[in-house]
Number of protein chains: 2
Amino acid sequence: MKIEKRIKCEGCIIKQMNSFKALSKEELKSISDKKETRIIKKGEVIFKEGERLKGVFCVRDGISKLSKMSGNGRDQIIKLANKGEVLGQRSVITSERANLSATALEDMSVCFVPKAEIEKCVAENSSFTKALLNNMANELKLADVAIVNMAHKTVRQRLAEVLLYLDESFGTDQDGYLYLQLSRTDIANLVGTATELLIRTLAVFKKENSIVIDGKRIKLIDKKVLYNIVEGL
Amino acid sequence: MKIEKRIKCEGCIIKQMNSFKALSKEELKSISDKKETRIIKKGEVIFKEGERLKGVFCVRDGISKLSKMSGNGRDQIIKLANKGEVLGQRSVITSERANLSATALEDMSVCFVPKAEIEKCVAENSSFTKALLNNMANELKLADVAIVNMAHKTVRQRLAEVLLYLDESFGTDQDGYLYLQLSRTDIANLVGTATELLIRTLAVFKKENSIVIDGKRIKLIDKKVLYNIVEGL
DNA sequence: ATCATAAACTGACAAAAATCATATTTTTGA
DNA sequence: TCAAAAATATGATTTTTGTCAGTTTATGAT
């Protein structure tokens, strides 16, 4: 990771998108002094499951994946994090080892904020703590939904859901193709299935004319049909 | 639900087991004035997915299940809550509708604490908020593990894990049988599979001599083997 | 005790998913 | 530009899981 040092937290727009918006000018200044801005190249690992994190990573730009190894040697992507999200919050707050690995899916620009700064803010600023709490509560809700989906939806349903999610969260390019171009393996790890089955299911969607495939690029043609697939219709 | 009114929060031992331990004597007194102690019979629903909760339920005694319906009409048990746990925290904090349903698996004694009391404590007592945050962070970690397990472990692996979890969390009776006697359907909903497959898999474990079955009563005979099954060996 | 009902179980089969082997295409970098 | 490597794709097969239909067993109310 390359290290830069330029932007000040006080004027950073990214903070509007996360718990940092609850911080005072003084707190932001203090963080700004201690933080390091880093450039992370596509494919680079930001932190690994089991590591002790020395701070959190506030994402200024670029999409990353948060994943966890299963005992069976498969990698499950738990969530995709867009700019604005803060990586490593949970582990830093609880002082536990990281539960997930974070990997850049694009070139990223992140600010590393040392653990001590976060702890100071938690200790002194209760609206920051409340913001963290709300954030965590929301993640928990999503996680519960994911458990149910994994347990009871078919790969076909989950893939339709993932495609709609990618469209919803990261949008499309000028030609209407999904902006985020994942590898087949990454999509499989997001859906929670084997790569082969994922490829076949994508091919089925293509044959059914609900999507168009052009190499890594995927375009959703008939979202209504995809929604119906999610519902099991 | 029958309503009682007796025990004072200040002297209640249950609070040692949850976030309420961070509260001051005055806060506990205030809660004590507003709370209602209720007896909930086995099988009764405490709250349903989608409801707006008017407060949280502090469990004085009895085990409950927290479950969520999948689109396919199956009920997934997300967690089992023992005494000491507080039900409905997430929904009350975020003022969202309940994400899960809570049902008594045994006769229960719970204290209902109105939302306003919780909000007051969150607003005024930052160590309470921090305790909630830690609690939520822990739940999130467990949820992430559950996602991976659902996605990549077989029913055989997950059942072994559930049995060991029931042993670990709720213990056994004098004869060494699991204390918590769930219906086959509840075990299936915990594992995330169909009842028939669950019954068959239990029968396989029995045949392999890792468990003994006597009606609803289940005894773990060879935990080592069960651990190996979890690991896929 | 008896009946009605629900829960537990079994067998046969169908569907979904994983696995293994191999072919083809795309990407990469020397 | 070309060869090697990686990613994508396909076929054949096995394993796992789900479903349906029906039987047996337990349970509770009268």
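The coordinates are above.
Residues numbered from 1 in each chain as written. Chains lettered and ligands numbered in written order. Predicted model: local features only at pLDDT ≥ 70, side-chain atom pairs only at ≥ 80, totals over all residues. Heavy atoms only, no water.

Draft legend 1. Up close: the pairing of strand β10 (residues 211–214) of chain A. Across four bridges, β10 of chain A lies against strand β11 (residues 217–220) of chain A in antiparallel orientation. Along β11 of chain A, the bridge assignment pairs V212 of chain A with K219 of chain A. (Pairing = 2+ DSSP bridges. Helix = DSSP H or I, 4+ residues; strand = E, 2+ residues; numbered from the N terminus.)

Draft legend 2. Summary view of helix α1 (residues 25–34) of chain A. Restricting attention to buried positions, one finds in α1 of chain A the residues E27, L28, S30, I31 and S32 of chain A. The secondary structure elements touched by the buried residues of α1 of chain A are β9 (108–114) and α3 (115–124) of chain A. (Buried < 20%, exposed > 50% of the residue type's maximum accessible area, 1.4 Å probe, protein only. Contact = heavy atoms within 4.5 Å.)

Draft legend 3. Molecular detail of the protein's contact with DNA strand C. Neighbouring DNA strand C are 15 residues, the closest being R74 and T193 of chain A together with R184, R200 and K216 of chain B. Protein-proximal atoms of DNA strand C, defined as those within 4 Å of the protein, fall in sugar or phosphate at a share of 59%. A distance of 2.7 Å separates a phosphate oxygen of DNA strand C from a polar side-chain atom of R74 of chain A. Within the side chain of R200 of chain B, an N or O atom sits 2.7 Å from a base oxygen of DNA strand C. Secondary-structure elements contributing two or more residues to the surface near DNA strand C are α7 (195–207) of chain A together with α6 (184–191) and α7 (195–207) of chain B. (Near = heavy atom within 4 Å. Polar contact = N/O pair within 3.5 Å; in protein donor to acceptor, adjacent residues only side chain to side chain.)

Draft legend 4. Structural context of the sheet that holds strand β6 (residues 75–81) of chain A. All names here are of chain A. Read from one edge to the other, the open sheet built from four strands follows the order β3-β8-β5-β6, with strand pairing classed as antiparallel. Strands at the two margins of the open sheet, each flanked by one partner only, are β3 (45–47) and β6. Within the sheet, the average angular offset between the axes of one strand and its neighbour, ignoring direction, is 30°. Pairing of β3 with strand β8 (residues 101–104), which is carried by two bridges, proceeds in the antiparallel orientation. Note on β8: the bridge partner recorded for V45 is T103. (Axes fitted to C-alpha atoms, helices over the stretch in contact; angles between N-to-C directions.)

Draft legend 5. Structural context of the side chain of D75 of chain B. All names here are of chain B. Structurally, the position occupied by D75 is in strand β6 (residues 75–81). Among buried charged residues, D75 stands out as having no salt bridge; its nearest opposite-charge side chain is K65, 4.7 Å away. Here the side chain of D75 touches S67 through a polar contact of 3.3 Å, side chain to side chain. (Lys, Arg positive; Asp, Glu negative; His and termini not counted. Salt bridge = Lys/Arg side-chain N within 4 Å of Asp/Glu carboxyl O.)

Draft legend 6. The protein's contact with DNA strand D, seen in detail. By nearness alone, 14 residues border DNA strand D, and R184 and R200 of chain A together with R74, V155 and T193 of chain B come closest of all. Across the atoms of DNA strand D situated within 4 Å of the protein, the share located in sugar and phosphate is 59%. A distance of 2.8 Å separates a phosphate oxygen of DNA strand D from a polar backbone atom of V155 of chain B. A distance of 2.4 Å separates a phosphate oxygen of DNA strand D from a polar side-chain atom of T193 of chain B.

Draft legend 7. Just the interface of chain B and chain A, in detail. Every contact between the two is made by 41 residues of chain B and, on the other side, 41 residues of chain A. Carbon and sulfur atoms supply 71% of the area that chain B and chain A bury against each other, a total of about 3,800 Å² over both sides. It is L133, I147 and H152 of chain B that lose the most area in chain B upon contact with chain A, and together they represent 18% of the buried surface on that side. The tally of links from chain B across to chain A stands at two salt bridges. One salt bridge in this structure joins E96 of chain A and K141 of chain B, with 2.9 Å as the shortest N-O distance. Counting every contact that joins chain B to chain A gives 10 residue pairs in polar contact (both at pLDDT 80 or more). Broken down by secondary-structure element, the contributors of at least two residues to the side of chain B that touches chain A are β5 (64–69), β6, α2 (89–94), α3 (115–124) and α4 (126–152) of chain B. Ranked by the residues each element gives to the side of chain B that touches chain A, the list is headed by α4 of chain B, at 21 residues. (Buried area = accessible area lost by both parts, 1.4 Å probe.)

Draft legend 8. Examining the packing of aromatic side chains more closely. Across all of its chains, the model carries eight aromatic pairs over all chains by this definition. A centroid spacing of 6.2 Å and a plane angle of 85° characterise the contact between Y165 of chain B and F170 of chain B, whose relative ring orientation is edge-to-face. Here Y165 of chain B falls in the partly exposed class, since its relative accessible area comes to 33%. Aromatic ring contacts, followed pair by pair, group F47, F57 and F112 of chain A into a single cluster. Of note, R38 of chain B hangs over the ring of F112 of chain B, and the distance from its end group to the ring centre comes to 4.6 Å. (Phe/Tyr/Trp six-rings, centres within 6.5 Å; stacked < 30°, edge-to-face > 60°. Lys NZ or Arg CZ within 6 Å of the ring centre and 35° of its normal.)

Draft legend 9. Representation of the nonpolar core in the model. Of all hydrophobic cores here, the largest spans 90 residues; its most connected members are F20, F47 and L87 of chain A together with F20, F47 and L87 of chain B. Sequence-distant contacts of F47 of chain B, defined by excluding residues within four places in its chain, comprise L53, F57, L66, L87, G88, A98, L100, S101 and A102 of chain B. (Core = buried A, V, L, I, M, F, W, Y, C linked by side-chain atoms within 4.5 Å.)

Draft legend 10. Broad picture of the environment of E139 of chain A. Looking at the secondary structure, you find E139 of chain A in helix α4 (residues 126–152). Sequence separation of E139 of chain A and K79 of chain A is 60 residues, and the distance between their C-alpha atoms is 9.7 Å. Setting aside residues up to four positions removed in sequence, E139 of chain A forms contacts with K79 and E85 of chain A together with L140 of chain B.

Draft legend 11. Region of the structure containing the sheet that holds β5 of chain B. All names here are of chain B. Taken together, the four strands give an open sheet; going across it, the order is β3-β8-β5-β6, and neighbouring strands pair in antiparallel fashion. Strand pairing shows two members of the sheet lacking a second neighbour, β3 (45–47) and β6, which therefore form its edges. Averaged over all pairs of adjacent strands, the angle between their axes in this sheet comes to 30°, without regard to strand direction. Here β5 runs beside strand β8 (residues 101–104); their pairing, made up of four bridges, is antiparallel. Pairing of S64 across the sheet is with A104, part of β8.

Draft legend 12. Summary view of the environment of D222 of chain B. Residue and element names in this part refer to chain B. Tracing the backbone shows D222 in the loop between β11 (217–220) and α8 (223–230). D222 sits 206 residues away from Q16 along the chain, and the two C-alpha atoms are 34 Å apart. Engagement of the side chain of D222 in a polar contact is seen with the backbone nitrogen of V225, the distance being 3.2 Å.

Draft legend 13. View of the relation of the copies chain B and chain A. Once turned by 180° and shifted 0.0 Å along the axis, chain B lies on chain A with an RMSD of 0.0 Å. Expressed as a symmetry operation, the mapping of one chain copy onto the other fits a two-fold axis. When the interface residues of chain B are mapped onto chain A, 100% of them are again interface residues, pointing to one common binding face. (Least-squares fit on C-alpha atoms with pLDDT ≥ 70 in both.)

No statement about biological role is implied by the geometric values presented.
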